[in-house]
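# Residue-level structure breakdown
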Amino acid sequence: IVLRNLDIIRGKTVTQFDEDGVRLDDGSSVTWDQIENGRVAESLQADFDTMLAQLGSPLYRIRQRLAINDYRGLLPQAEAMYGQFQNRDSETAYMVCQALMWSRLAVGQRAAALSPFLRCLEHLRRAQANDTEITLPGSRRLQVDLETGFSPELPPIWFDNSAAEEQLPEVTRTIAAMEKPHLPATRVYYATLALAANQPQLASQVLNGLTQLPDWKRVVEAQVQLSSGDAQAAVNSLQPHIDSLSPE
């Protein structure tokens, strides 16, 4: 295998390859963005070349643009690769999901950044549980609390109702596939998006039984009550928080 940096891997046999990369007989692996070309068993060469052609250059461009913090520039490649990697569990899949989250945020698509963020959260939770580290090009790392699931990079506040409505089905599918029990912030993200999508009953249902993050739960419940026209109930829900802010 000839790598893009012109290093050559010799004396090893390719035992398997898929979207996540090429595995060798010594247990090591190489991701497609690293590979310039390679030679495998004749019966597998056509499939190897096809996969390299489809994945190598787009993933390499994602890696390069992440390395230089060009989030707007990597949006087309991240969008193109996301469908193929969103449900996979690998370092490459995390790179694609993280690239899409940051690139969508860079162009102001906050609601559309939620699904890839939640998938990034799953990758990082698994890595933490397995005591492994996920590497990423560049110096930026996702700011996220793995105990709650909140990220200061994506507060659960949505300004575009049509975007929230458009993204709600995808977020629903994403959360349904996530490991249970869900982190508390996942429910807050979902409830606030549902509320922005004009589905207050769904928002209320999602929050039912949530005992963590009481301040956020109270705020969302107040928003639900406001959306139903019950302003007094909203004020009552927020009163303990209002009292805590009042000077003694």
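Residues numbered from 1 in each chain as written. Predicted model: local features only at pLDDT ≥ 70, side-chain atom pairs only at ≥ 80, totals over all residues. Heavy atoms only, no water.

Okay, the overall build of the protein chain next. The helix and strand inventory of the protein chain stands at 9 helices and 5 strands. Order of helices (α) and strands (β) in the protein chain, N terminus to C terminus: β-β-β-β-β-α-α-α-α-α-α-α-α-α. With the C-alpha coordinates of the protein chain rotated into their principal frame, the extents come out at 75 × 35 × 30 Å. In the protein chain, which comprises 248 residues, the proportion classed as buried is 45%. Expressed as a percentage of contacts within the protein chain between residues at least 6 apart in sequence, the contacts between residues at least 24 apart total 58%. Of the roughly 13000 Å² of accessible surface on the protein chain, a fraction of 48% belongs to carbon and sulfur atoms. Taking the average location of the 22 positive side-chain charges in the protein chain and that of its 31 negative ones, the two points are 3 Å from each other. (Helix = DSSP H or I, 4+ residues; strand = E, 2+ residues; numbered from the N terminus. Buried < 20%, exposed > 50% of the residue type's maximum accessible area, 1.4 Å probe, protein only. Contact = heavy atoms within 4.5 Å. Areas by Shrake-Rupley, 256 points an atom, 1.4 Å probe, with all protein chains shown as cover. Lys, Arg positive; Asp, Glu negative; His and termini not counted. Charge placed at Lys NZ, Arg CZ, Asp CG, Glu CD.)

Across 4 bridges, the pairing between strand β2 (residues 14-18) and strand β3 (residues 21-24) is antiparallel. Of the residues in β3, the one forming a bridge with Asp 18 is Gly 21. (Pairing = 2+ DSSP bridges.)

Let's shift gears to the packing of helix α3 (residues 91-106) against helix α4 (residues 114-129). It is the contact of α3 with α4, at a shortest axis distance of 8 Å, that shows an interaxial angle of 145 degrees. Note on packing geometry: the crossing formed by α3 with α4 is left-handed. Contacts from Ala 93, Tyr 94, Cys 97, Gln 98, Leu 100, Met 101 and Arg 104 of α3 reach α4 at Pro 116, Phe 117, Arg 119, Cys 120, His 123 and Leu 124. (Axes fitted to C-alpha atoms, helices over the stretch in contact; angles between N-to-C directions. Left-handed = near helix turned anticlockwise from the far one by under 90°.)

A separate point is the packing of helix α6 (residues 184-196) against helix α7 (residues 200-207). Helix packing geometry: the angle between the two helix axes and the distance between the axes. Close contact between α6 and α7 brings their axes to 7 Å; oriented N to C, the two are set at 165 degrees. Considered as vectors, α6 and α7 are oriented roughly antiparallel to each other. Classified by chirality, the crossing of α7 by α6 is left-handed. Mapping the contact onto sequence places Arg 187, Tyr 190, Ala 191, Ala 194 and Leu 195 in α6 and Pro 200, Leu 202, Ala 203, Val 206 and Leu 207 in α7. Here the residues of the contact of α6 with α7 sort into 9 nonpolar, no polar and 1 charged. (Parallel < 35°, antiparallel > 145°, perpendicular 65-115°, else oblique. Nonpolar A, V, L, I, M, F, W, Y, C, P; charged D, E, K, R; others polar.)

This part is about the sheet that holds strand β4 (residues 29-30). Strand pairing within a sheet occurs via backbone hydrogen bonds; the two strands may be parallel or antiparallel. Spatially, the 3 strands line up as an open sheet ordered β2-β3-β4, and their pairing is antiparallel. Taken across any chain shown, the strands that pair with only one partner, and hence form the sheet edges, are β2 and β4. Examined bridge by bridge, β3 and β4 share 2 bridges and lie antiparallel to one another. Looking at the pairing, Val 22 lines up with Val 30 of β4. Relative to the sheet, helix α1 (residues 42-67) contacts β2 and β3, its axis offset from that of β2 by approximately 45 degrees.

The next thing to look at is the nonpolar core. Core analysis: the biggest nonpolar cluster contains 70 residues, and Val 22, Trp 32, Ile 35, Leu 59, Leu 66 and Leu 114 have the highest contact counts within it. Dropping the residues within four chain positions of it, Val 22 is found in contact with Ile 1, Val 14, Gln 16, Phe 17, Ser 28, Ser 29, Val 30, Trp 32, Ile 35 and Phe 48. (Core = buried A, V, L, I, M, F, W, Y, C linked by side-chain atoms within 4.5 Å.)

Turning next to the pattern of salt bridges. Following the criterion strictly, the structure yields 15 salt bridges and no others. For Asp 89, the salt bridge goes to Arg 126, with nearest N and O atoms at 3.3 Å. Highlighted residues: Asp 89 in the loop between α2 (75-85) and α3 and Arg 126 in helix α4, separated in sequence by 37 residues. Of the residues examined, Asp 89 reaches a relative accessible area of 56% and is grouped as exposed. Note that Arg 125 and Glu 122 form a salt bridge whose closest N and O atoms lie 3.3 Å from each other. Taken together, the residues Arg 125 and Glu 122, both in helix α4 and 3 residues apart, mark about one turn of the helix. In this structure, Arg 125 and Glu 122 share a single accessibility class: buried. One continuous salt-bridge network, built from bridges that share partners, spans Asp 18, Glu 19, Asp 20, Arg 23 and Arg 88. (Salt bridge = Lys/Arg side-chain N within 4 Å of Asp/Glu carboxyl O.)

Moving on, we come to α3. The end-to-end C-alpha distance of α3 is 22 Å, a good match for the 22 Å that 16 residues give at a rise of 1.5 Å each. Immediately downstream of α3, the backbone of Gly 108 shows phi near 85 degrees, a positive value. (Expected span 1.5 Å × (residues − 1).)

Now for the pairing of β3. The loop that links β2 with its antiparallel partner β3 comprises 2 residues. What sits between β3 and β4 in their antiparallel hairpin is a turn of 4 residues, with Gly 27 showing a positive phi close to 90 degrees.

Honestly, that's just the spatial picture; any functional story needs more than this.
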